[in-house]
Amino acid sequence: MWVITFPSVTHALRAEKLLKEKGIQVKLIPIPKELSGACQGLAAKLPGEDVEESIALLDNHGIDIIRRGIQIKM
Amino acid sequence: MEKIYLDNAATSWPKPEGVYAAIDYFNRNVGGNPGRGTTNLALASARMVLETRELLAELFHISHPLRISFTPNITESLNVALKGCLAPGDHLIFSSMEHNSIARPAYALAKQGIEISIVPCSSEGRLNIKALVKAIKKNTKMISLSHASNVTGTIQPISEVGEICQKNGLIFVVDSAQSAGILPIDVQRQHIDILTFTGHKGLLGPQGTGGIYIRPGLTVKPLKEGGTGSQSLDTNQPEFMPDSLESGTLNTPGIVGLGAGVRFLLKQGIDTIRQHEEELTQLLRQNLLEIPKLKVYGPANCKDKAAVLSFTLEHINPAQVSFRLENEFGIITRAGLHCSPLAHQTLGTLPHGACRLSPGFFNTREEIEITSQAIAEIAQK
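Residues numbered from 1 in each chain as written. Chains lettered and ligands numbered in written order. Predicted model: local features only at pLDDT ≥ 70, side-chain atom pairs only at ≥ 80, totals over all residues. Heavy atoms only, no water.

Caption draft 1: The arrangement of the environment of G360 of chain B in detail. Tracing the sequence through the fold places G360 of chain B in the loop between β13 (354-357) and α11 (365-380). The contacts of G360 of chain B, once residues within four sequence positions are left out, are N8, H276, E277 and L280 of chain B. (Helix = DSSP H or I, 4+ residues; strand = E, 2+ residues; numbered from the N terminus. Contact = heavy atoms within 4.5 Å.)

Structure (structure tokens):
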């Protein structure tokens, strides 16, 4: 699965809203433990093919992102 | 005795029904701490706080809602703006109509080596633009201006000042305590770098709510550090907004109530609210001008002012007028200096100040007529 991570819950929630408005299938999940150093907050899980467009959209809307799309093995 | 509330410049009252309901709903049914953990309760709470940010962003034409941090009140917002941007050697300009919420922090900073200049305003409270431009120096860093005076309601030319700031590379801070929710504010068109607001006046929210918008690209040092629910392993305060300026648990019930207030404003349309308040103020002014020995302050045309009207009687102390209005007629006003000694100095009303009437959206023409009559009676005896 592909995830984008955020520095805080507020940024994650705003990102979720913006991506859903664009029709992107996004789901907020706890940050996977594989991503060390980012133990708090939420990650957005989304289809790999939507990552690039999503990052561009979130950048345009001033959302702070930590991991700009990373694939995690389930 | 029925109460007539004419002190909306101090705090608006009553609030729209939706505000009471939203606060009650939050306290009874949600109750989570926003950003603290990811339980459904904490997330529901965080979503509600986010919604208030988004509503405020819509009202002020802010494109990035997360550039708004909540504070307990606009005094804190102004303290953050000044103390978070200015360093010894910098020069700050403000007007002679400003409230103590800016004047006192500025005087405190002056003791630490920050230069301050106070630009004069006319006897109606209008900023002298030429004097403002003349006051700009090499080390000028910031101009701070209240959009509308809390004593006379005088509206300042913020678009013009915004342009001057942009041309000169200065940080433009706007105090919207008396204008937010009543006058149009557009941070982009008016070149506002930092917009400070309070929740409990024109935005119709509860007391204990306020905030600060900071334009993207501008970093402001926080007044306080602490828990933000984010990046907790880092010993440093987060640098991203809104967390950087939001240490400690927020006034979530208040912020949810504020959201309901802004939703009410957006639904009514601030033009409708403005028109009603302007009509009431115009009527009040006309009536008061007929009373002998009474002096009204501020612009003659109510289009040039927010719904705030201060007056004095030649022969009675303002505090006495306000006391009698409440005790004999049930009319709530505010007398004295309104935390704005600079403004009263500009108007020539020191040391006693004036009696201030500030109608709101929920006042009626009938209430204004009753109030005018009451003041006429007090003036006579």
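Caption draft 2: The arrangement of the sheet that holds strand β2 (residues 68-71) of chain B in detail. All names here are of chain B. With respect to topology, seven strands assemble into an open sheet ordered β2-β8-β7-β6-β5-β3-β4, the strand pairing being mixed. Here the strands that pair on one side only, and so sit at the sheet edges, are β2 and β4 (115-119). With direction set aside, neighbouring strand axes in the sheet form an average angle of 20°. Judged from the four bridges that link them, β2 and strand β8 (residues 210-214) form a sheet pairing that is antiparallel. Its bridge partner lying in β8, T71 is registered against G210. Contacts from helix α2 (residues 40-60) reach β2 and β7 (194-198), with the element oriented near 115° to β2. Sheet contacts for helix α6 (residues 158-168): β5 (140-146) and β6 (171-175); angle to β6, the most-contacted strand, approximately 160°. (Pairing = 2+ DSSP bridges. Axes fitted to C-alpha atoms, helices over the stretch in contact; angles between N-to-C directions.)

Caption draft 3: View of the interface of chain A and chain B. Between chain A and chain B, the residue contacts involve 18 residues of the former and 22 residues of the latter. In total, about 1600 Å² of surface goes out of reach between chain A and chain B, with carbon and sulfur atoms giving 60% of it. At the surface where chain A touches chain B, the tally comes to three salt bridges. Seen at the junction of chain A and chain B, the total is five residue pairs in polar contact (both at pLDDT 80 or more). Ranked by the residues each element gives to the side of chain A that touches chain B, the list is headed by helix α1 (residues 9-21) of chain A, at seven residues. Grouping the constituent residues of the side of chain A that touches chain B by class yields six nonpolar, eight polar and four charged. (Buried area = accessible area lost by both parts, 1.4 Å probe. Salt bridge = Lys/Arg side-chain N within 4 Å of Asp/Glu carboxyl O. Polar contact = N/O pair within 3.5 Å; in protein donor to acceptor, adjacent residues only side chain to side chain. Nonpolar A, V, L, I, M, F, W, Y, C, P; charged D, E, K, R; others polar.)

Caption draft 4: Region of the structure containing the sheet that holds strand β9 (residues 294-296) of chain B. Residues and elements named next belong to chain B. Strand order in the open sheet made by the four strands is β9-β10-β13-β12, with antiparallel pairing throughout. Looking at the sheet topology across the chains shown, the edges are occupied by β9 and β12 (334-336). Recorded for the sheet is a direction-independent mean angle of 30° between the axes of neighbouring strands. Relative to strand β10 (residues 309-313), β9 runs antiparallel, the two being bridged by three bridges. Across the sheet, the residue bridging to K295 is T312, located in β10. Taken strand by strand, helix α8 (residues 270-289) contacts β9, β10 and β13, and its axis lies near 15° from that of β10. Running at roughly 40° to β13, helix α9 (residues 318-329) makes contact with β10, β12 and β13 of the sheet.

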